[in-house]
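Understanding the architecture of this molecule
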Amino acid sequence: MEQSQFKETVLLVDANYLDVVAGEMRAFLSGEAKLQVPVADLPVWMVNATMGVLWEKSADEKPDYSQQEVQIVLVCEKERTTLQNFVPSDLMKEVDGMAFREEQFGEFQMSVVQDEHLLEGEPLMVESVEMLLTSRAVKHLIVVADPDKGMEAVRDIVKNTDKDVELLDMRAANQNGKPSVLGISLLYALGISPEQLGA
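Residues numbered from 1 in each chain as written. Predicted model: local features only at pLDDT ≥ 70, side-chain atom pairs only at ≥ 80, totals over all residues. Heavy atoms only, no water.

1. Side note on the overall build of the protein
Each helix and strand in the protein was counted, giving six helices and eight strands. For the protein, restricting intrachain contacts to residue pairs at least 6 apart in sequence, the fraction spanning at least 24 positions comes to 72%. Entry remark: accessible area of the protein is about 10700 Å², with carbon and sulfur atoms responsible for 47%. (Helix = DSSP H or I, 4+ residues; strand = E, 2+ residues; numbered from the N terminus. Contact = heavy atoms within 4.5 Å. Areas by Shrake-Rupley, 256 points an atom, 1.4 Å probe, with all protein chains shown as cover.)

2. Focus on the packing of helix 1 (residues 15-31) against helix 6 (residues 181-189)
Contact geometry of helix 1 with helix 6 gives a least axis separation of 11 Å together with a crossing angle of 65°. Between helix 1 and helix 6, the angle falls in the class roughly perpendicular. The way helix 1 lies across helix 6 gives a crossing that is right-handed. Here helix 1 contributes Leu18, Val21, Ala22, Met25 and Leu29 to the contact with helix 6, which in turn contributes Leu182, Gly183, Leu186 and Leu187. Each residue belonging to the contact of helix 1 with helix 6 can be placed in one class, and the counts come to eight nonpolar, one polar and no charged. (Axes fitted to C-alpha atoms, helices over the stretch in contact; angles between N-to-C directions. Parallel < 35°, antiparallel > 145°, perpendicular 65-115°, else oblique. Left-handed = near helix turned anticlockwise from the far one by under 90°. Nonpolar A, V, L, I, M, F, W, Y, C, P; charged D, E, K, R; others polar.)

3. Things to note about the environment of glutamate 107
Topologically, glutamate 107 is positioned in strand 6 (residues 106-115). Taking the C-alpha atoms as reference, glutamate 107 lies 8.5 Å from glutamine 71; in sequence the two are 36 residues apart. Contact partners of glutamate 107, with chain neighbours within four places excluded, come to Gln68, Glu69, Val70, Ala99, Phe100 and Arg101.

4. Quick notes on the packing of aromatic side chains
Evaluated as defined, the whole model comprises two aromatic pairs. Relative to phenylalanine 105, the ring of tryptophan 55 lies with its centre 5.2 Å away and its plane at 85°, an arrangement referred to as edge-to-face. In this pair, tryptophan 55 sits in helix 2 (residues 42-57) while phenylalanine 105 sits in the loop between strand 5 (99-102) and strand 6, placing the two residues 50 residues apart along the sequence. Relative to phenylalanine 108, the ring of phenylalanine 100 has its centre 5.1 Å away and its plane inclined at 5°; by these criteria the two rings are stacked. Residue class for phenylalanine 108 comes out buried when judged on its relative accessible area of 0%. (Phe/Tyr/Trp six-rings, centres within 6.5 Å; stacked < 30°, edge-to-face > 60°. Buried < 20%, exposed > 50% of the residue type's maximum accessible area, 1.4 Å probe, protein only.)

5. Some remarks on the pairing of strand 1 (residues 9-14)
Most of strand 1 is tucked away: six of the six residues are buried. Covered by surrounding structure in strand 1 are Thr9, Leu11 and Val13 together with Val10, Leu12 and Asp14, the residues of both alternating faces. Bridging between strand 1 and strand 3 (residues 69-77) involves six bridges; their strand directions are parallel. Bridging across to strand 3, leucine 11 finds its partner in isoleucine 72. As paired elements, strand 1 and strand 7 (residues 140-144) share five bridges and run parallel to each other. Bridge pairing links threonine 9 to histidine 140 in strand 7. (Pairing = 2+ DSSP bridges.)

6. Here we look at the pattern of salt bridges
Applying the stated criterion across every chain yields a total of seven salt bridges. The salt bridge partner of lysine 7 is glutamate 69, with a shortest N-O separation of 3.2 Å. Here glutamate 69 lies in strand 3 and lysine 7 lies in the segment before strand 1, a separation of 62 residues in the sequence. With a relative accessible area of 36%, glutamate 69 lands in the partly exposed category. With a shortest N-O distance of 3.4 Å, lysine 159 and aspartate 156 are connected by a salt bridge. Judged by relative accessible area, which is 61%, lysine 159 ranks as exposed. Three or more residues are tied together by salt bridges with common partners; here these are Glu77, Arg80 and Lys149. (Salt bridge = Lys/Arg side-chain N within 4 Å of Asp/Glu carboxyl O.)

7. Quick notes on the side chain of aspartate 14
As for its placement among the helices and strands, aspartate 14 is situated in strand 1. For the buried aspartate 14, which has no salt bridge, the nearest side chain bearing the opposite charge is lysine 149, at an N-O separation of 6.6 Å. Of note is the side chain of aspartate 14, whose polar atom sits 3.2 Å from the backbone nitrogen of asparagine 16. In contact with aspartate 14, not counting residues within four places along its chain, are Val75, Met125, Val144, Ala145 and Asp146. (Lys, Arg positive; Asp, Glu negative; His and termini not counted. Polar contact = N/O pair within 3.5 Å; in protein donor to acceptor, adjacent residues only side chain to side chain.)

In structure tokens, the structure reads:
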């Protein structure tokens, strides 16, 4: 990742973890809820995850996001570059270096970084968070990390930053039982509205 390419809003994602979560959700919905569940739409998830966070933080009742640029950085293991529960699925051929525009929410620019599993140093997700937090360009950082592979280290890092950082996981966003942004965004990507599940 080149610092000169960083945008104001960055969504940093452990792609392999996201794929596992989507697979578990598909299995649950197919079994318990007895719904027909296709694979998830990756761009739809990106838009819903990003805007779910930005909307919650906006003080403007009708913010205009149509001209914004959002940078999506997907981190994956070198031997796991094909997603099983999303389309497009081939991260290197169909996602890396691509972009798409959503009329209401601006342009989403995608890049893929492969984790080489080096024996020394911190996990790539942790290193990526550290790098993004040093960039003057980045104002909003949204992170989807594996709770078992770096999430706690990421939590420690972001405690002492003045940037707006949101860590997404499958737990409720707060103590009032509100569904997580990650869960809701995955539902929309699977073509299911929260209302269908009573969420």
